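Listed below are the residues making up each chain.
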Amino acid sequence: AASLYGPRDLPREAIASTRIIQASGISQAISTSACDAVFEAFELARGAGVLTAYDTNLRLKLWPLTRARAIIEAACAMADIVLPGLDDAILLTGLQQPDAIADHYLAKGAKVVALTLGHEGSLVATAERRERLVPIKVTAIDATGAGDCYDGAFLAEFIRTGDAFLAGAYANVAAALSTQGYGAVAPLPRRSEVEARMAQELSGTSRR
């Protein structure tokens, strides 16, 4: 059903009145009409002064790499915040180093790049500053949905604080905690859990 979605289905008034809109590579991979809907949604958002965010979310079972590269690069050029994963970014850009990948998306016009590095934490970068966020030690059971958890936590905290680096620190912890149970929804941590673990990390009392 989602693949039938197109520009005609966009909630234009809602897009213009929100604070941030996010899409991903999967949204554009499922059909041409859905792909066009993302581009038009971003165009509407930009025209209304609404922030745009994009997760590369590369799924090669859905489309060939050549097309994915072209579409995702174009979408990232329209995004204020780019949220790639390292493995995806290596395939999409041909670059290996996190700093080089961050530079690539900043050069495309992103104001913020938040690059997830799996068990090595994450990297948050702007034109003026960048920070490597260390991994959070947890007993990981299932990483399903951890990337989505990172995105949601990052964007929610960015809206709340306006600080990409505070948002990155919060999302880094939230995503790690989300791997401690099975599935993409049930293990999602509450704000209180994330903040408690962040306090432990700052005080140096968390389990190493």
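So, here's what we can say about the structure. (Residues numbered from 1 in each chain as written. Predicted model: local features only at pLDDT ≥ 70, side-chain atom pairs only at ≥ 80, totals over all residues. Heavy atoms only, no water.)

Here we come to the sheet that holds strand β4 (residues 112-116). Pairing is mixed across the open sheet formed by six strands, whose spatial order is β1-β2-β3-β4-β5-β6. With partners counted over all chains shown, the strands left at the sheet margins are β1 (20-24) and β6 (130-133), one partner each. Pairing geometry for β1 and strand β2 (residues 51-55), over five bridges, is parallel. Across the sheet, the residue bridging to I21 is T52, located in β2. The strands touched by helix α8 (residues 164-177) are β4, β5 (122-125) and β6; relative to β6, the strand with the most contacts, the crossing angle is about 15 degrees. (Pairing = 2+ DSSP bridges. Helix = DSSP H or I, 4+ residues; strand = E, 2+ residues; numbered from the N terminus. Contact = heavy atoms within 4.5 Å. Axes fitted to C-alpha atoms, helices over the stretch in contact; angles between N-to-C directions.)

With that settled, the discussion passes to helix α6 (residues 98-107). Every buried residue of α6 is accounted for by P98, I101, A102, Y105 and L106. Looking straight down α6, one finds that the buried residues subtend no more than 135 degrees of arc, so they occupy a single side. Buried residues along α6 sit against α4 (65-76), β3 (81-82), α5 (86-93), β4, β5 and β6. (Buried < 20%, exposed > 50% of the residue type's maximum accessible area, 1.4 Å probe, protein only. Arc of directions from axis to C-beta.)

With that settled, consider the side chain of T126. Here T126 is to be found in the loop between β5 and β6. Exposure remark for T126: the relative accessible area of 11% places this residue in the buried category. Other than its neighbours up to four places away in sequence, T126 contacts L106, K111, V112 and F165.

Now for helix α3 (residues 32-47). For α3, which comprises 16 residues, the first-to-last C-alpha distance of 23 Å matches the rise-based estimate of 22 Å (1.5 Å per residue) to within 8%. For α3, the set of buried residues is A34, C35, A37, V38, A41, F42 and A45. For α3, the angular spread of buried residues about the axis comes to 155 degrees, placing them on one side. Opposite the buried face of α3, by more than 90 degrees, sit the exposed residues T32 and G47. Packing partners of the buried residues in α3 comprise α1 (12-17), β1, α2 (25-29), β2 and α4. Following α3 by one or two positions, G49 has its phi on the positive side, about 75 degrees. (Expected span 1.5 Å × (residues − 1).)

It is worth spelling out the nonpolar core at this point. Judged by nonpolar contacts, the single largest core of 36 residues is most densely connected at I21, F42, Y54, W63, I72, Y105 and L115. Broken down by element, this core gets its largest block of residues, six residues, from α3. When sequence neighbours within four positions are dropped, the list of residues in contact with Y105 reads T56, E73, C76, V82, P84, A89, L92, T93, A110 and V113. Within the second largest apolar cluster, 26 residues are counted, among which are I81, V112, A171 and A174. (Core = buried A, V, L, I, M, F, W, Y, C linked by side-chain atoms within 4.5 Å.)

Here we take up the pattern of salt bridges. In this structure the tally under the stated criterion is 11 salt bridges. Between R130 and D99 there is a salt bridge, with its nearest N and O atoms 3.0 Å apart. Of this pair, R130 sits in strand β6 while D99 sits in helix α6, and the two are 31 residues apart along the sequence. Of the charged contacts in the structure, one is a salt bridge between E131 and R129, with a shortest N-O distance of 2.8 Å. Bridged by salt links that share partners, the residues E157, R160, R191 and E195 form one connected network. (Salt bridge = Lys/Arg side-chain N within 4 Å of Asp/Glu carboxyl O.)

This paragraph deals with the pairing of β2. Burial analysis of β2 places four of its five residues in the buried class, the great majority of the element. Where β2 lies against β3, two bridges are found, and the strand directions are parallel. Within β3, the residue paired with Y54 across the bridge is V82. Following the backbone out of β2, through α4 and into the adjacent parallel β3, one traces a crossover that is right-handed. (Right-handed = clockwise from strand over helix to strand, strands pointing away.)

To continue, consider the packing of α5 against α6. Relative to each other, α5 and α6 sit at 65 degrees, their axes nearing to 11 Å. As α5 packs across α6, the resulting crossing turns out to be left-handed. Between α5 and α6, the residues in contact are L86, A89, I90, L92 and T93 and P98, I101, H104 and Y105, respectively. Its residues assigned to classes, the contact of α5 with α6 comprises seven nonpolar, two polar and no charged. (Left-handed = near helix turned anticlockwise from the far one by under 90°. Nonpolar A, V, L, I, M, F, W, Y, C, P; charged D, E, K, R; others polar.)

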